[in-house]
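Per-entry structural report
Each chain, letter by letter, is given below.
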Amino acid sequence: MKSLLFSLVLLSTISLNGQSKFSITSIEVDGLCGMCKERIENAAYIPGVKKADWSQETHILELVFNNKKVTTASIIAAINEVGHDVKDYPASDEQYANIHGCCRFRDPDQRAKHGLGDALCKPGETHEEHHEHGGKHDH
Ligand SMILES: [Cu+2]
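The rules behind each value
- Residues numbered from 1 in each chain as written.
- Predicted model: local features only at pLDDT ≥ 70, side-chain atom pairs only at ≥ 80, totals over all residues.
- Pairing = 2+ DSSP bridges.
- Helix = DSSP H or I, 4+ residues; strand = E, 2+ residues; numbered from the N terminus.
- Axes fitted to C-alpha atoms, helices over the stretch in contact; angles between N-to-C directions.
- Contact = placed C-beta atoms within 7 Å.
- pLDDT = per-residue confidence, 0-100.
- Core = buried A, V, L, I, M, F, W, Y, C linked by C-beta atoms within 7 Å.
- Buried ≥ 20, exposed ≤ 12 C-beta atoms within 10 Å, placed from the backbone.
- Arc of directions from axis to C-beta.

**Structural notes on the sheet that holds strand 2 (residues 49-54)**
Taking strand neighbours across the sheet as the criterion, the three strands line up as 1-3-2 in an open arrangement whose pairing is antiparallel. The outermost strands of the open sheet, each flanked by one partner alone, are strand 1 (22-28) and strand 2. Mean inter-strand twist for the sheet, computed between neighbouring axes without regard to direction, equals 10 degrees. Looking at chain direction, strand 1 and strand 3 (residues 60-66) are connected through seven bridges and run antiparallel. Across the sheet, the residue bridging to Ile24 is Val64, located in strand 3. Together, strand 2 and strand 3 form the strand contacts of helix 2 (residues 34-44), whose direction differs from that of strand 2 by roughly 160 degrees.

The following block contains the structure:
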């Protein structure tokens, strides 16, 4: 009996070590400036998130999180909540409306001021609609 218990403990220890509870992923989040960086990272740090690092240059948010506590979807929802668009998961207009004036990353003029190109395309948006709201393609 003792040896059975021992092997059970051993087995569970192995499975804990063998299967990391930490996930590493990166998502694209639209934003403009240092204020956006702070807002995005603060939003992404929900309990269970160990690292959230957004690059103003590449717009890539690097994440390390405990996958037993959080999912990528819940982090994306938290980022949308503060008004930022995630690639394929745009914030609602109400959520975006709370964004500070100089951080209006969907505004082509603000984007140009920050040396940026078009905003992230919205899902289901046609090419024409994209051009209408100021998006620019290379072709
Ligand atoms: Cu900003």
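**What about the environment of Cys102?**
Within the element layout of this structure, Cys102 appears in the loop between helix 4 (93-97) and helix 5 (108-113). For Cys102 and Met35, which are 67 residues apart along the polypeptide, the C-alpha to C-alpha distance reads 9.2 Å.

**A short note on the pairing of strand 2**
Where strand 2 and strand 3 come together, five bridges link them in antiparallel fashion. Paired with Ala52 across the bridge in strand 3 is Leu63. Connecting the antiparallel pair strand 2 and strand 3 is a turn made up of five residues, with His59 showing a positive phi of about 65 degrees.

**Some thoughts on the confidence of the model for the protein**
Atomic detail in the predicted coordinates should be set aside for any region of low pLDDT. Summing up the model confidence of the protein, the mean pLDDT is 83 and the portion of residues at 70 or higher is 73%. A low-confidence stretch, residues 134-139 stays under pLDDT 50, and its non-local contacts, those more than four residues away or across chains, total seven contacts.

**Some points on the nonpolar core**
Grouped together as the largest cluster of nonpolar side chains are 18 residues, with contacts concentrated most on Val29, Ile40, Ala44, Leu61, Leu63, Ile75 and Ile79. Looking at this core, the elements with two or more residues in it are helix 2, strand 2, strand 3 and helix 3 (72-81). Residue contacts for Val29: discarding those within four places in its chain leaves Ile40, Trp54, His59, Leu61, Ile79, His84 and Val86.

**Let's talk about helix 2**
Listing the buried residues of helix 2 in full gives Cys36, Arg39, Ile40, Ala43 and Ala44. In a view along the axis of helix 2, the buried residues occupy a sector of 125 degrees, so they form one face of it. Counted as exposed and oriented over 90 degrees from the buried face of helix 2: Gly34 and Glu38. Close packing links the buried residues of helix 2 with strand 2, strand 3 and helix 3.

**Quick look at helix 3**
Among all positions of helix 3, only Ile75, Ile76 and Ile79 are buried. The buried residues of helix 3 occupy an angular sector of 100 degrees when projected down its axis, which confines them to one face. Once helix 3 ends, the next one or two residues include Gly83, with phi positive near 100 degrees.

**What to know about the environment of Val82**
Here Val82 lies in the loop between helix 3 and helix 4. C-alpha separation for the pair Val82 and Ile40, spaced 42 residues apart in sequence, amounts to 7.6 Å. The contacts of Val82, once residues within four sequence positions are left out, are Arg39 and Ala43.

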